[in-house]
Amino acid sequence: MSVEQVVGNLAASHAVGGPTIARAIVDARDGLLARQHASGHWLFELEADCTIPAEFVLLMHFLDEIDAALQAKLAAFLRERQAEHGGWPLYHGGSFDLSCSVKAYYALKLAGDDPQAPHMQRARGAILQYGGAARANVFTRLALAMFGQLPWRGVPYIPVEIMLLPKWFPFHLDKVSYWSRTVMVPLFILCSRQVAAKNPRAVHIRELFTVAPELERHYFRRRGLINRAFLLLDRLGRMIDPLVPRSLRARALRRAEDWINARANGEDGLGAIFPAMVNALEVMVTLGYAAADPRRVQAKRALWKLLVVGEHTAYCQPCVSPVWDTALSCLALEEEASGAGREAALRGLEWLRPLQLLQAAGDWQERRPQLPGGGWAFQFNNSYYPDLDDTAAVAWAMHASPQRAQYTEAIARALDWLVGMQSQNGGFASFDVDGTCYYLNEIPFADHGALLDPPTEDVSARVVTVLARIGRPQDRAALERAIAYLRSAQQADGSWFGRWGTNYIYGTWSVLVALAAAGIGAEDPAMRRAVTWLVSCQQADGGWGESNDSYLDTDLAGRGLGSTPYQTAWALLALMAAGGADGSVLRRGVHFLLRTQQGNGLWEHPSYTAPGFPRVFYLKYHGYCAYFPLWALARYRRLVNDGKDA
């Protein structure tokens, strides 16, 4: 069935009552406008699992700078999030996660919770049942080593001399992702120095080990031949470490320190992400930066700016998302198309315009030294690390604006940069080019499996969307290669994987919108298979919902969770772009959104909306229940009205 036929069906059946949907759209628009800041941008909370607030407590004890009132609120948040299984999950409703639970338990004990309290006993029992703290992931064991809770042989050997390795070496910073290098470089210093947290109250967690940590001999899992080879190299490195000349180590330490300071990013912090920012502050303390040193003051302030403090609880965000939130809010309001909505979107675009990184130095230039800048970062300021997804979304929003003519130069620079960042396989990654050295995921440090930044379906789809919508002749070859990449990545069931949103519903929405923008019609086999899959995932209440469990079990693709507003919106936007779905499918999805709209015009759902790293780290974008449902309802109304006009 073509898009035209679907539109005709919607109009003929009167779809959803006009006044009802009109009122819902107005309320949703007004709810979104109420969240716009005076400067023109939007900024919604970005929530992660309890690892981040737990690490904030650990940081205060590392520094011996404990804010008792803040600590009490962070501890209350952790207690509130403890699950029925006794530990802490990585996302709402998720199963027990050992590493998160170890950190949460330690943070609560540091905050003064009695280990014999019922909630602590339950947590301890669950942790021991899953093998104890020795089985936690690398990042958790690194924190425990710095707090003296396990020996340094229990963590990977990552000497600071890595900073001196040549580019041709199998491991080099340029070969790993931006988030990996900003976290790792400070760790090179901390681990080479084998720093010790101040831990002023001398709090220990020996009760979380099934074998005394100094006697434990199995801190590393043997995952395969390549991994075993890296473990042998790790052991060899420890043996020769005492032989490293002091002058060489001093040179490497200076190189690492200079690298951090060059990217310190002021009050937005190293990489503008919490783990890197924590490590950078700890490095400054380790290297003797005075408490009043402006660099140390800024590094600390950057971390405190991530806090969300309520009356009784507090948590820490992993980063902030103003560019992403603003670009998507603008797209939703441009679809809504009222005078008030378009005026607000224009103020958002004007806020975004000066944030385009045209001249700033960036790590991406290591692979593309001759490419002029043109990207946007995710955060307020992260000049070394513009990303392709945000850049494509901003350029799309600028081109969708009735005032697009005033953004011609910004759009052109963005598209030039995006095309220049295409990887060899035709796809696009988030921050870099050709980040496909997959063997590096086998090094002992990379037990999280997220060391790299390879091309992904969703980012590639966003780039395809904006290239196709704007349609510059010089971009045609890059566009065709990217479409070929997307076709090759389609799953057997017709869906696409979602790297940066949960999960196959997100990936399929991203790609169907892209292929439709490229002029690929509803009768194309790839489109038909995807539409059939999406329709098969619709739930009895008319909505769509997919759990983050689908990253662990592909049989749950498109399923595993009750309907959510944001995933229902993605599915509707995808089906409306692709055509091929019966009008009743769309109508039922729209009814679900109308039924679940809140009194403030927006929507709510407790689920986590995206992975930071699949299987390891998950996020809840609070804005997704604000702008995506509005976007879907406004798009639906336009299709219905177009059908009636026809």
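None of the values given here were measured: they were computed from a predicted structure.

Student: Explain the packing of aromatic side chains to me, please; I cannot follow it from the model alone.
Tutor: What describes a pair of aromatic rings is the distance from one ring centre to the other and the angle between the planes of the rings. A complete count under the given rule lists 36 aromatic pairs for this structure. Geometrically, the ring pair formed by Tyr-627 and Phe-628 is edge-to-face, given 5.3 Å between the ring centres and 65° between the ring planes. Seen from the ring of Trp-304, Lys-300 lies directly overhead, with NZ or CZ sitting 5.0 Å from the centre.

Student: It is not clear to me how the pairing of strand β6 (residues 610-613) should be interpreted in this structure. Could you clarify?
Tutor: The side chains of a regular strand alternate between both faces of the sheet. Note: β6 against strand β7 (residues 617-621), three bridges, orientation antiparallel. Its bridge partner being in β7, Ala-610 is matched across the sheet by Leu-619.

Student: Is there a simple way to explain unusual backbone geometry in this structure?
Tutor: For residues other than glycine, phi is negative in most cases, and the peptide bonds are mostly trans. Of note, the phi angle at Gln-194 is positive, near 45°, even though the residue is not glycine. Relative to the helices and strands, Gln-194 resides in the loop between α8 (178-193) and α9 (225-240). Exposure remark for Gln-194: the relative accessible area of 46% places this residue in the partly exposed category. The backbone phi angle of Ala-272 is positive, close to 55°, even though this residue is not glycine.

Student: What am I meant to see in helix α21 (residues 565-578) here?
Tutor: For α21, which comprises 14 residues, the first-to-last C-alpha distance of 20 Å matches the rise-based estimate of 20 Å (1.5 Å per residue) to within 8%. For α21, the buried fraction is high: 14 of the 14 residues fall into the buried class. With its phi angle positive at about 70°, Gly-579 sits one or two positions after the end of α21.

Student: Quick question: what am I supposed to make of the pattern of salt bridges here?
Tutor: Inspection of every chain in the model, using the stated rule, returns 28 salt bridges. Its salt-bridge partner being Lys-103, residue Glu-55 comes within 2.3 Å of it at the nearest N-O pair. Residue Glu-55 is located in helix α3 (residues 51-63), and its partner Lys-103 is located in helix α5 (residues 98-110); the two are separated by 48 residues in the primary sequence. For Lys-103, a relative accessible area of 5% gives the class buried. As a salt-bridge pair, Arg-472 and Asp-416 come within 2.8 Å of each other at their nearest N and O atoms.

Student: Please clarify how the packing of helix α13 (residues 322-336) against helix α15 (residues 388-400) should be interpreted in this entry.
Tutor: Helices that pack against each other are described as a pair by the angle of their axes relative to one another and the distance between those axes. One way to put it is that α13 packs onto α15 with a least axis distance of 9 Å and a crossing angle of 30°. Taken as axis vectors, α13 and α15 run roughly parallel relative to one another. As for the relative orientation of α13 and α15, their crossing is left-handed in sense. The residues of α15 that touch α13, namely those facing Val-323, Trp-324, Ala-327, Cys-330, Leu-331 and Glu-334, are Asp-389, Asp-390, Ala-393, Val-394, Trp-396, Ala-397 and Ala-400. The residue makeup of the contact of α13 with α15, split by class, is 10 nonpolar, no polar and three charged.

Student: So what exactly am I meant to see when it comes to a nonpolar patch on the surface here?
Tutor: Taken together, Leu-233, Leu-236, Met-239, Ile-240 and Leu-243 make up a surface patch of nonpolar side chains, about 550 Å² in accessible area. Note on placement: Leu-236 falls in helix α9. With a relative accessible area of 45%, Leu-236 lands in the partly exposed category.

Student: Before we go on, may I ask you to explain the confidence of the model for the protein chain in this structure?
Tutor: Any residue range with low pLDDT should be treated as having predicted coordinates unsuitable for detailed reading. Confidence in the prediction of the protein chain, expressed as mean pLDDT, is 93, and 96% of residues score 70 or more. Counted against residues more than four places away or in other chains, residues 1-15, with its pLDDT under 50, gives 32 contacts.

Student: What's the story with the side chain of Arg-499 in this structure? I'm lost.
Tutor: Mapped onto the elements of the fold, Arg-499 is located in the loop between α18 (476-489) and α19 (504-517). Among buried Asp, Glu, Lys and Arg side chains, Arg-499 stands out as unpaired, with Asp-453 the closest opposite charge at 6.6 Å. Among the polar contacts made by the side chain of Arg-499, one reaches the main-chain carbonyl oxygen of Gly-612 at a distance of 2.8 Å. Excluding anything up to four places from it in sequence, Arg-499 contacts Trp-179, Thr-456, Asp-458, Tyr-551, Pro-611, Gly-612, Phe-613 and Pro-614.

Student: Looking at this model, I keep getting lost on α8. Mind explaining?
Tutor: An α-helical segment advances 3.6 residues per turn. Residues three or four places apart therefore align on the same side. For α8, with 16 residues, the first-to-last C-alpha span of 23 Å sits near the 22 Å given by 1.5 Å per residue. A large share of α8 lies buried, amounting to 15 of its 16 residues. Just downstream of α8 lies Gln-194, where phi reads positive at about 45°.

Student: Just to check I follow, could you spell out the side chain of Thr-140 for this structure?
Tutor: Its place among the elements puts Thr-140 in helix α7 (residues 138-146). Relative accessible area serves as the criterion here: at 2%, Thr-140 is assigned to the buried category. Within the structure, the side chain of Thr-140 is placed 2.9 Å from the side chain of Asn-137, a separation counted as a polar contact. Sequence-distant contacts of Thr-140, defined by excluding residues within four places in its chain, comprise Ser-99, Val-102 and Lys-103.

Each value, and the rule that gives it
- Residues numbered from 1 in each chain as written.
- Predicted model: local features only at pLDDT ≥ 70, side-chain atom pairs only at ≥ 80, totals over all residues.
- Heavy atoms only, no water.
- Phe/Tyr/Trp six-rings, centres within 6.5 Å; stacked < 30°, edge-to-face > 60°.
- Lys NZ or Arg CZ within 6 Å of the ring centre and 35° of its normal.
- Pairing = 2+ DSSP bridges.
- Helix = DSSP H or I, 4+ residues; strand = E, 2+ residues; numbered from the N terminus.
- Buried < 20%, exposed > 50% of the residue type's maximum accessible area, 1.4 Å probe, protein only.
- Expected span 1.5 Å × (residues − 1).
- Salt bridge = Lys/Arg side-chain N within 4 Å of Asp/Glu carboxyl O.
- Axes fitted to C-alpha atoms, helices over the stretch in contact; angles between N-to-C directions.
- Parallel < 35°, antiparallel > 145°, perpendicular 65-115°, else oblique.
- Left-handed = near helix turned anticlockwise from the far one by under 90°.
- Contact = heavy atoms within 4.5 Å.
- Nonpolar A, V, L, I, M, F, W, Y, C, P; charged D, E, K, R; others polar.
- Patch = residues over 30% accessible without salt bridge, like charges linked within 9 Å, V, L, I, M, F, W, Y side chains within 5 Å.
- Areas by Shrake-Rupley, 256 points an atom, 1.4 Å probe, with all protein chains shown as cover.
- pLDDT = per-residue confidence, 0-100.
- Lys, Arg positive; Asp, Glu negative; His and termini not counted.
- Polar contact = N/O pair within 3.5 Å; in protein donor to acceptor, adjacent residues only side chain to side chain.

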